[in-house]
Amino acid sequence: MRNALAAVLEESGFVVVKAANAEAAAARLLEQSFDLAILDKNLPGQSGIELLRWIRKESPSLAVIVMTAFASPDSIKDTLNLSVDAYLDKPFPDIFEVVDTARSVVAARHATDRARAAGASKRPRVVLVVTPDTIAADALSAPLLGRADLLRSADGQPLGDVPHAAVVDARRFPANLPEVVAGICAWAPGCRVWVVSNDDLPIPVLRALVRARADRLLTLDEYPQEARELIEAPGVMMSPRGR
């Protein structure tokens, strides 16, 4: 598989470096810069998810595709929470579709990085809380009060201010959660979108959240502890106000 995929990518204009395991891949990544890493989830020795975790510490802007023949809700959630750019099933129906995915995720990652860099010091932090439920909105807003300017939206549709980050109450969007996330990302390029849910989301929804470029998937218990990271992420300013 590695050699076949490398050959197709090279034929399509990519310069390809191959590695047989996570340790070899890490060594290559330390030697030179790359635009994209394509990882198998199941590798000899350290897993692809462990390698992805290392990549996010060493090279957070690198676009990453994870591929596997053994998809599971937990593995998709793990990779989503490590900002994976695509999660693909093996065997591929058409190996050339991987080339299209590679091009699209590299372009999207570069666009996201540019958008976040452009807003790094321009505006105070604006966090959008997305839920039609006022009690849920209060609960999701509570960890952010006094740390950011807060906006509320029942459906994630554009408002006056463009947010740097958004928190989406998944329970209120059972039929169109990925579309809500994708809409926010389209309206606010570079926006970090966190999804909060206590439910076990099915694999098709998890895959769609990866494609929609959600940044994190958290439970209600995890969210308050992690909220500080949302507003202190690189690319945004601190704001002493809350509204």
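Since the structure is predicted, the reported quantities are computational estimates derived from the model, not experimental observations.

What counts and how
Every chain's residues receive numbers from 1 upward, in the order its sequence appears when written. Note on the predicted model: pLDDT of at least 70 is required for a residue's local features to be given, and 80 or more for side-chain atom pairs to be given and counted; whole-chain, interface and lining totals, by contrast, use all residues. The basis for every side-chain value is the complete set of heavy atoms in the structure, and neither hydrogens nor water enter the calculation. Confidence scores labelled pLDDT are given residue by residue by the predictor and lie between 0 and 100. Any pair of residues with heavy atoms lying within 4.5 Å of one another is described as a contacting pair. By definition, any uninterrupted DSSP run of H or I lasting at least four residues is a helix, any uninterrupted run of E lasting at least two residues is a strand, and each is numbered from the N terminus. We call two N or O atoms a polar contact when they sit within 3.5 Å, provided that within protein one can donate a hydrogen and the other can accept it, with sequence-adjacent residues counted only if both atoms are side-chain atoms. Classification of residues uses two cut-offs on accessible area relative to the type maximum, computed with a 1.4 Å probe and protein chains only: under 20% is buried, over 50% is exposed, and between them is partly exposed. Directions drawn from the helix axis to the C-beta atoms are what define this arc. Pairs of cysteine sulfur atoms within 2.5 Å are identified as disulfides in what follows. To get an axis, fit a line to the C-alpha atoms, keeping to the stretch in contact for a helix; angles then go from 0 to 180 degrees between the N-to-C directions. Note on angle classes: values under 35 degrees are labelled roughly parallel, values over 145 roughly antiparallel, values of 65 to 115 roughly perpendicular, and the remainder oblique. Two helices crossing with the near one rotated counterclockwise from the far one by less than a right angle form a left-handed crossing, whereas a clockwise rotation gives a right-handed crossing. Under the scheme applied, nonpolar residues are Ala, Val, Leu, Ile, Met, Phe, Trp, Tyr, Cys and Pro; charged residues are Asp, Glu, Lys and Arg; polar residues are all the others, including Gly. DSSP calls a pair of strands paired once it identifies at least 2 bridges connecting them. Stacked, edge-to-face and tilted labels apply to pairs of Phe, Tyr and Trp rings (six-membered ring for Trp) whose centres lie within 6.5 Å, assigned for plane angles under 30 degrees, over 60, and everything in between, in that order. Sitting over a ring, as applied to charges here, requires NZ of Lys or CZ of Arg to be within 6 Å of the ring centre and within 35 degrees of the ring normal. In what follows, salt bridge is the name for a side-chain nitrogen of Lys or Arg lying within 4 Å of a carboxyl oxygen of Asp or Glu.

Colleague: So, the confidence of the model for the protein chain: which residues are in play, and what are the values?
Modeller: Summing up the model confidence of the protein chain, the mean pLDDT is 88 and the portion of residues at 70 or higher is 92%. Within the model, the stretch residues 234–243 combines pLDDT values under 50 with 38 contacts to residues more than four positions away or in other chains.

Colleague: Please provide a residue-by-residue account of the side chain of T131, values included.
Modeller: Take T131: it is sitting in the loop between β4 (126–130) and α6 (134–141). Within the structure, the side chain of T131 is placed 3.1 Å from the side chain of D169, a separation counted as a polar contact.

Colleague: Before we move on, could you go through helix α2 (residues 22–31) and cite the residues and values that matter?
Modeller: Buried within α2 are the following residues: A22, A25 and A26. Buried positions in α2, seen along its axis, are confined to an arc of 100° and lie on one side of it.

Colleague: Before we move on, could you go through the state of the cysteines and cite the residues and values that matter?
Modeller: All chains considered together, the criterion is met by zero disulfides. C185 takes part in no disulfide bond, and the closest cysteine sulfur, belonging to C191, lies 6.3 Å away. Look at C185 and you get buried, because its relative accessible area is 18%.

Colleague: I'd like to hear about the packing of α2 against helix α3 (residues 48–58), residue by residue, with values.
Modeller: Two elements in contact, α2 and α3, have axes whose closest approach is 10 Å; the angle formed by their N-to-C orientations is 15°. The pairing of α2 with α3 is recorded here as roughly parallel in orientation. Between α2 and α3 the crossing geometry is right-handed. Residues A22, A25, A26, L29 and L30 of α2 pack against L51, W54, I55 and E58 of α3. Of the residues contributing to the contact of α2 with α3, the split by class is eight nonpolar, no polar and one charged.

Colleague: Tell me about the sheet that holds strand β3 (residues 86–89), and please be specific about residues and values.
Modeller: Across a sheet, strands are paired by hydrogen bonds formed along the backbone, either parallel or antiparallel in direction. Taken in spatial order, the three strands of this open sheet run β1-β2-β3, and their pairing is parallel. The outermost strands of the open sheet, each flanked by one partner alone, are β1 (36–40) and β3. Here the average twist between neighbouring strands, direction ignored, is 20°. Here strand β2 (residues 63–68) runs beside β3; their pairing, made up of four bridges, is parallel. Note that in β3 the partner of I65 across the bridge is A86.

Colleague: Describe the packing of aromatic side chains, listing the residues and the values that go with them.
Modeller: Enumeration over the complete set of coordinates arrives at zero aromatic pairs. The side chain of R216 reaches across the aromatic face of W194, ending 5.0 Å from its centre.

Colleague: So, helix α1 (residues 2–11): which residues are in play, and what are the values?
Modeller: Those residues of α1 lying buried are L5, A6, V8 and L9. An end-on view of α1 places all buried positions within 165° of arc, on one side of the element.

Colleague: How would you sum up the pattern of salt bridges? Please name residues and give values.
Modeller: On inspection of all chains with the given rule, the structure shows eleven salt bridges. E226 is the salt-bridge partner of R216, the closest N and O atoms lying 3.6 Å from each other. Placement of R216 in strand β8 (residues 216–218) and of E226 in helix α9 (residues 222–231) is noted, with a sequence separation of ten residues between them. Since its relative accessible area comes to 13%, R216 is described here as buried. By relative accessible area, which is 25% here, E226 ends up partly exposed. Put simply, R56, D85, R109 and R213 are held in one network by salt bridges that share partners.

Colleague: Let's hear about the sheet that holds strand β7 (residues 192–196): which residues, and what values?
Modeller: Strand order in this open sheet of five strands is β5-β4-β6-β7-β8, and the pairing throughout is parallel. If you trace the sheet from one side to the other, it starts and ends with β5 (149–153) and β8, each paired once. Strand-to-strand twist of the sheet, defined as the mean angle between neighbouring strand axes without regard to direction, takes the value 20°. Alignment of β4 against β5, held across five bridges, turns out to be parallel. Each bridged residue has a counterpart across the sheet, and for V126 the counterpart in β5 is D149. Here α9 sits on the sheet and contacts β4, β6 (165–169), β7 and β8; the angle it forms with β7, its principal contact strand, is near 175°.

Colleague: Tell me about unusual backbone geometry, residues and numbers included.
Modeller: Along the chain, K90 connects to P91 via a cis peptide bond; the corresponding omega equals -5°. Among the structural elements, P91 can be located in the loop between β3 and α5 (96–118). A positive phi is found at S83, a non-glycine position, where the angle reads about 60°. Note on placement: S83 falls in the loop between α4 (73–80) and β3.

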